[in-house]
Amino acid sequence: MANKPNEHQAKEFDGFIQHWQRVLNLQDWRIEKGIKPARGAMASVECDSVARLAIYRLGDFGAEAIMPCSLSHTALHEALHVFLYELIQAAQDPKATPEQLDSAEHRVINVLERVLGGIDGHSAD
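About the cut-offs
Within each chain, residues carry numbers counting from 1 in the order of the written sequence. In keeping with the model being predicted, local features are shown solely for residues with a pLDDT of at least 70 and side-chain atom pairs are shown and tallied solely at 80 or more, while totals for entire chains, interfaces and linings include all residues. Hydrogens are left out, water is left out, and the side-chain values use all remaining heavy atoms of the structure. The helix and strand labels rest on DSSP assignments: H or I over at least four residues marks a helix, E over at least two residues marks a strand, and numbering proceeds from the N terminus. For each residue, the accessible area found with a 1.4 Å probe, counting protein chains only, is set against the maximum for its type, and the residue is called buried under 20%, exposed over 50%, and partly exposed in between. In this description, contact between two residues means that some pair of their heavy atoms is separated by no more than 4.5 Å. In this text, buried Ala, Val, Leu, Ile, Met, Phe, Trp, Tyr and Cys residues form a nonpolar core when linked through side-chain atoms within 4.5 Å.

Participant: Sorry if this is basic, but what is going on with the overall build of the chain here?
Facilitator: Looking only at helices and strands, the chain features 3 helices and 3 strands. Helices (α) and strands (β) of the chain occur, in sequence order from the N terminus, as α-β-β-β-α-α. The buried share of the chain, taken over its 125 residues, is 34%. Considering only residue pairs separated by 6 or more positions, the chain has 55% of its internal contacts joining residues 24 or more positions apart.

Encoded structure:
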């Protein structure tokens, strides 16, 4: 029997996606829900860097209980795919210049410094 999010849970997931989009500084991306369900996964995401568009899809959570914490964790997982997308693309591009790789890497580092710097109560400065 399928264990897919209901309409309320799907809206809750979208709220978590929006939260992680803000935390990970992805406001320059449009992150939208796709129509088709994810296949073989709790969720999936496809990115188009030119359009700055990421489409996520919800799927079957299998034996995982669909709770706010599992929805948030899954939303974070999908948002991290978007967050790392440009770095991975640059690393895989044989034509990428060292400057392009450095720029993509530092975008990730700068956000992680801000996000993780507050974990122990110290500033990331």
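Participant: Explain the nonpolar core here, please?
Facilitator: In globular proteins that are soluble, nonpolar side chains generally tend to be buried together. Formed by 24 residues in total, the largest nonpolar core has its most connected members in Phe13, Leu26, Trp29, Ile31, Ala54, Tyr56 and Val82. At the level of elements, helix 1 (7-23), strand 2 (43-48), strand 3 (53-58), helix 2 (68-92) and helix 3 (98-117) are the ones that each hand at least two residues to this core. Looking at this core, the element that brings in the most residues is helix 2, giving 6 residues.

Participant: How should the environment of serine 49 be read in this particular structure?
Facilitator: The residue serine 49 is located in the loop between strand 2 and strand 3 in this model. Residue serine 49 is classed as partly exposed on the basis of its relative accessible area, which comes to 30%. A C-alpha to C-alpha distance of 7.4 Å links serine 49 and glutamate 86, two positions 37 residues apart in sequence. Ignoring sequence-local partners within four residues, the contact set of serine 49 consists of Trp29 and Tyr85.

By themselves, these are just geometric observations and shouldn't be taken as functional.
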